Structure formats: structure tokens, C-alpha cells
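Given next are the chains, with one letter for each unit.
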Amino acid sequence: MTVTDPAPAAAPAVFDELESAVRTYCRRFPAVFTRASGHLMWDEQGREYVDFLSGAGALNYGHNPAGAKAALVEYLLADGPAHGLDLHTSAKARFLERFREVVLAPRGLDYRVQFTGPTGTNAVEAAFKTARRVTGRTDIVAFTGGFHGLSLGALAASATAFKRGAAGVPLGHVTRMPYEGYFGPDTDTVDHLTRLLDDPGSGVDKPAAVIVETVQGEGGLAVASPGWLRRLAEAVRARDILLIVDDIQAGCGRTGTFFSFEDAGIVPDLVCLSKSVSGYGMPMALTLIRPDLDRLGPGEHSGTFRGNNLAFVTAAACLEHWADPEFTARLRAHATVLDGLLTELAARHPELGCAPRGRGLIRGLAFTDDTTADRVSRAAFERGLLVETSGARGQVLKLMPPLVTGEEDLRHGVRILAGALESVSAQSPQEERQ
Ligand SMILES: *Cc1c(COP(=O)(O)O)cnc(C)c1O
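Residues numbered from 1 in each chain as written. Predicted model: local features only at pLDDT ≥ 70, side-chain atom pairs only at ≥ 80, totals over all residues. Heavy atoms only, no water.

Trainee: An account of the overall build of the protein chain is requested, with residue identities and associated values reported.
Mentor: The helix and strand inventory of the protein chain stands at 15 helices and 15 strands. Here the protein chain has a C-alpha radius of gyration of 22 Å; the compact-globule value for 434 residues is 22 Å, and the two agree. Summarising its shape, the C-alpha atoms of the protein chain cover approximately 60 × 60 × 45 Å along the three principal directions. Expressed as a percentage of its 434 residues, the buried residues of the protein chain come to 52%. (Helix = DSSP H or I, 4+ residues; strand = E, 2+ residues; numbered from the N terminus. Rg over C-alpha atoms; globule rule 2.2 N^0.38 Å. Buried < 20%, exposed > 50% of the residue type's maximum accessible area, 1.4 Å probe, protein only.)

The following block contains the structure:
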């Protein structure tokens, strides 16, 4: 990185003056960005940043990936319809065809594709509606540490007290169960779940569905093991309860396979996808539905922005990566590299009390002190690296490099992180908090 200024120049006053107090990421990273390409961003002063934030997982293929950009520009110049409600368009047909050919068919998966409103939370709402309609039951089982979005239905399933507190109404019809490892390694939380489900004296009503993330992206990078996921899938199937995998953050290649549940060998009844499904940061969300469960009637879950054709164009272009077996092989190799680098960093800084977490290319460092990840993130920003925190107490530093980041660029980003850890280690917490 070429840094001439010690810090980014102050942002224009208009953000403070006009933008709602609810804004958040820009507080942590108060630069004014003007350009972005691949894993890099630049601000108004020309400072370069390595982007391991990746739009919270919306930019798995990096900023402005060339193939998708070319397809998009061509579509725009040809006056292709940008907005289309859910009208048939050639862009939507092409996306659906490629999604079937490149993603579903090779994995032996049979799903109907529901285009929901363009946010992840809307895909979750749609999944809940279908699960409740099909089963005639109301409750959803969600896990400790889970994050499923902030609209009221999905928020009820999200675990963080701070986010739930904004609802302003009671959040109901969700039964909370412990995620894998919640009580430590000796308690099997699938056994805990089935015990409660099967005991007529437990007070737990039979749910419509269980919703689960295979890696808790917002919840501190806890990872469910393939064995736990398999037993969960078997337990709910045996009880005629539907399984929803929320793959909004962990899907689209983040863990090394297109769907994060592939290694576990499970087939969920419903899958929620958003964030990187458009591959370009375009708003788009999908709920994948087992065909016999596709029971909401025409328009029952509608929305104006379910036909973002620009997103269909970039999504279809980015799916081409999945037709290339080398792409997947590279993901696995880079995940191993990142794991090694983080393990090494954690070992180098025992004084910071940190341990590596995560899977694939969604990884990080969990700190024993709740303030450390925040301080490391800020120190990293000063050095030109964007990395966010995760977990209910912000105790985990989360790295999500674009999947297309080259190995040397990955190492470069982690070197910046190493510098940030050195500087945080050199400061006592007291000094930093002043
Ligand atoms: C981001 C996210 C959501 C919500 O998506 P939005 O687009 O922010 O509504 C839901 N589930 C998971 C796992 C997510 O990471």
C-alpha cells in the first residue's frame, strides 16, 4: 500500500448532517470511496484499501468482476429492461437456465426458485411463510448465535439482543435452541433438541421448521460440523419438521462449495440465498423450495423489486466460475492458506488471547477480551485493510476476502492484519480506551 497521509481526510459534512444515525459500517470505516476493483478499494485521496469486508459477503467475486461487468454494460447499452417486476425476461430465463445447469443439476438438487424481495431477510420471510403454510404449524426453531435478518419475522429468529431490541413489538413464534458447542464439547445439542421435541412435558410445541446457518456469519463464526448437521437433518426429517438452511452469507462459495451444506451431504427442504447470488453486489434474493412444498399462491408473497434484471445478468455471468473445477480447487487451497496464516498469527500473540475460527474463506480470530477485535479492526483500517467484527459482543474479527483474491494478495492482506495486531498488542487497553 502507498500511504502518504496518516489518515483519510474528513468525510463531507453531509453524511453527519443528513444521513440517519442508524448508519453503521461507515462509522468504522470513515473513508469516502471512489473506486473499487477485485479485492481493492480506493478513497478520495487515492489511498488504497484491501477489502476483506466484501460487502459483508455480497462481493464474493470481488468488486466489478470483469466478465459480469462486460455482460452488464452490454445489456445496458442494448436497452435491456432493468426493472421487470416478475415479468418474463430473457435475462431471467438465462439466469434460471444457468442456475439449473451449473448449480442444481450437477449436485442432483431439485428446487423451485422463488424470487423474493431483494434482501436476505425477505428470502427468510418467504421460507417461514412456506414452512408455516405447508405444515400448518407456527413455531420456528432457531439457534443461539443465529442471524437471519431484521424484518420482524426473521428478526424473531435472530439472536442478538441489541438487534431484537429495535423491534418495538414482542418477537414471537420462535423457539431458541443451543447451536453446536453452546454448552461446550460434552453436550450434544441435537440430543438436547430431540429430547425437548419428543417430551410431551417439555413445553416445546412442535415447530414448522428449523432454520440453521452452517457457519454463523454474524454470530461470531461458530461452525456446525458435518456430523451435527447430518444428525440435525435426520432428526427433523424423522419428525416431519422442515429444514431451512440460511445460506445467505455462507453460501455462494464462501465455505469452498457453492452451498455451504454440500460437505455435510444434507438436502434442506428450503434454502435462502442472497448477498453474493448476483455476484456484483446487486440486490437479489432467492428462496429455493422443494418442489412439493411450493404452496404459496400467485402473489401471496409479492414485492416490487423481485425482477432486478441487472442482477440476473451479473448472476448468470458469475455462475460461470462454477463451471470451472479449478475455481473450486483454488478456493480450497486458499482456505488452507488463510487458515494457516491465522493459526500462525494467533500463536504469535498469546497475550491477545485469540483463537482462529471459521471455515473456507469466512474465517477470523476470536478474542477473549470483547474490546480487542474492535481495536484490531480500527488499527487495520488505519493501515489500509477493511475487516469487520462479528459476534453478539463484537468479540470476533471476521475476514471475508473476495473468493477471487490471489494467494499473494491474501498474504498481503494478512500482513497488514499482522501489523494491526502488533500495534494493538503494544498498547495497553487503558491507553486505547482514552
Ligand atoms: C445478511 C444475512 C441475512 C439478511 O440479509 P439482508 O440482505 O441484510 O436482509 C440473513 N441471514 C444471514 C445468514 C445473513 O448473513
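Trainee: Requested: an account of the environment of D246, with residues and values cited.
Mentor: As for its position among the elements, D246 is in strand 8 (residues 242–246). For D246, a relative accessible area of 5% translates into the label buried. Distance from D246 to A123, taken between C-alpha atoms, is 9.0 Å for residues 123 residues apart in sequence. Those residues in contact with D246, other than ones at most four positions away along the chain, are V124, F147, H148, I211, V212, E213 and C272. (Contact = heavy atoms within 4.5 Å.)

Trainee: I'd like to hear about the sheet that holds strand 10 (residues 286–289), residue by residue, with values.
Mentor: The strand order across the open sheet formed by seven strands is 4-10-9-8-7-5-6, and the pairing between neighbours is mixed. A strand with exactly one partner marks an edge of an open sheet, and here the two such strands are strand 4 (112–115) and strand 6 (174–177). If you compare each strand with its neighbour and ignore which way they point, the axes differ by 25° on average. Where strand 9 (residues 270–273) and strand 10 come together, four bridges link them in antiparallel fashion. Bridged to L270 within strand 10 is I289. (Pairing = 2+ DSSP bridges. Axes fitted to C-alpha atoms, helices over the stretch in contact; angles between N-to-C directions.)

Trainee: Before we move on, could you go through the pattern of salt bridges and cite the residues and values that matter?
Mentor: Pairs can form between side chains of opposite charge whenever their charged atoms are close. All chains considered together, the criterion is met by 27 salt bridges. Between D294 and R112 there is a salt bridge; the shortest N-O distance is 3.9 Å. In this pair, D294 sits in the loop between strand 10 and helix 11 (309–319) while R112 sits in strand 4, placing the two residues 182 residues apart along the sequence. Put simply, E218 and K398 hold a salt bridge, and the shortest N to O gap is 3.2 Å. (Salt bridge = Lys/Arg side-chain N within 4 Å of Asp/Glu carboxyl O.)

Trainee: Explain the domain arrangement of the protein chain residue by residue, including any values.
Mentor: The domain boundaries assigned to the protein chain delineate domain 1 (67–323) and domain 2 (325–368 + 381–395 + 414–434). The straight-line distance from the C-alpha centre of domain 1 to that of domain 2 is 27 Å. Each partner contributes residues to the interface: domain 1 has 22 residues there, and domain 2 has 16 residues. Between domain 1 and domain 2, a total of about 1,600 Å² is buried, with carbon and sulfur atoms accounting for 55% of that surface. Per-residue buried area on domain 1 facing domain 2 is highest for L221, R254 and H321; these three make up 31% of the total on that side. Here D263 ties to R332 by a salt bridge, and the two come within 3.4 Å at their closest N and O atoms. Taken together, the residues that form the side of domain 1 that touches domain 2 break down as six nonpolar, 13 polar and three charged. (Domains from an automatic or database assignment. Buried area = accessible area lost by both parts, 1.4 Å probe. Nonpolar A, V, L, I, M, F, W, Y, C, P; charged D, E, K, R; others polar.)

Trainee: Which residues make up the nonpolar core, and what are the values?
Mentor: Core analysis: the largest hydrophobic core is formed by 90 residues, its most contacted members being F99, L232, F259 and L273. A domain-level breakdown of this core finds at least three residues from each of domain 1 (67–323) and domain 2 (325–368 + 381–395 + 414–434). L273 has contacts with F99, A123, D247, I248, C252, F258, F259, A285, L286 and L288, leaving out every residue within four places of it along the chain. Membership of the second largest hydrophobic core comes to 21 residues, among which are V124, A157, I248 and L293. (Core = buried A, V, L, I, M, F, W, Y, C linked by side-chain atoms within 4.5 Å.)

Trainee: An account of the packing of aromatic side chains is needed here, citing residue identities and associated values.
Mentor: Counted according to the given criterion, the structure contains 17 aromatic pairs. By way of ring pairs, the aromatic residues Y61, F95, F99, F115, F258, F259, F261, F312, W322 and F327 are connected into one cluster. For the cation-ring pair, R35 lies above W42, with the distance from its terminal atom to the ring centre recorded as 4.1 Å. (Phe/Tyr/Trp six-rings, centres within 6.5 Å; stacked < 30°, edge-to-face > 60°. Lys NZ or Arg CZ within 6 Å of the ring centre and 35° of its normal.)

Trainee: If you had to explain the sheet that holds strand 3 (residues 48–51) to someone new, which residues and values would you point to?
Mentor: Pairing within the open sheet is mixed, and its four strands lie in the order 1-2-3-13. Unpaired on one side and paired on the other, strand 1 (33–37) and strand 13 (385–386) mark the two borders of the sheet. Note: strand 3 against strand 13, two bridges, orientation parallel. When the bridges of strand 13 are listed, V50 appears paired with L385.

Trainee: How would you summarise the pairing of strand 6 if you had to cite specific residues and measurements?
Mentor: Only one face of strand 6 is buried, namely the one carrying T175 and M177, since none of V174 and R176 on the opposite face is buried. Where strand 5 (residues 140–143) meets strand 6, four bridges bridge the pair, whose relative direction is parallel. Counted as the bridge partner of I140 is V174 from strand 6.

Trainee: Before we move on, can you summarise the site of the ligand with the specific residues and values?
Mentor: Lining the immediate surroundings of the ligand are T119, G120, T121, F147, H148, G149, E213, D246, I248, Q249 and K275. T121 is positioned such that a nitrogen or oxygen atom in its backbone is 2.9 Å from an oxygen atom of the ligand. Residue F147 places a main-chain N or O atom 3.3 Å away from a nitrogen atom belonging to the ligand. For the ligand, the accessible surface in isolation is 370 Å², of which the surrounding protein chains cover 82%. (Near = heavy atom within 4 Å. Polar contact = N/O pair within 3.5 Å; in protein donor to acceptor, adjacent residues only side chain to side chain. Areas by Shrake-Rupley, 256 points an atom, 1.4 Å probe, with all protein chains shown as cover.)

Trainee: Provide a residue-level description of the side chain of S423, including the pertinent values.
Mentor: For S423, the location among the structural elements is in helix 14 (residues 407–426). Classification of S423 as buried rests on a relative accessible area of 16%. From its side chain, S423 meets the backbone oxygen of A420 in a polar contact 3.1 Å long. Setting aside residues up to four positions removed in sequence, S423 forms contacts with A379 and R383.

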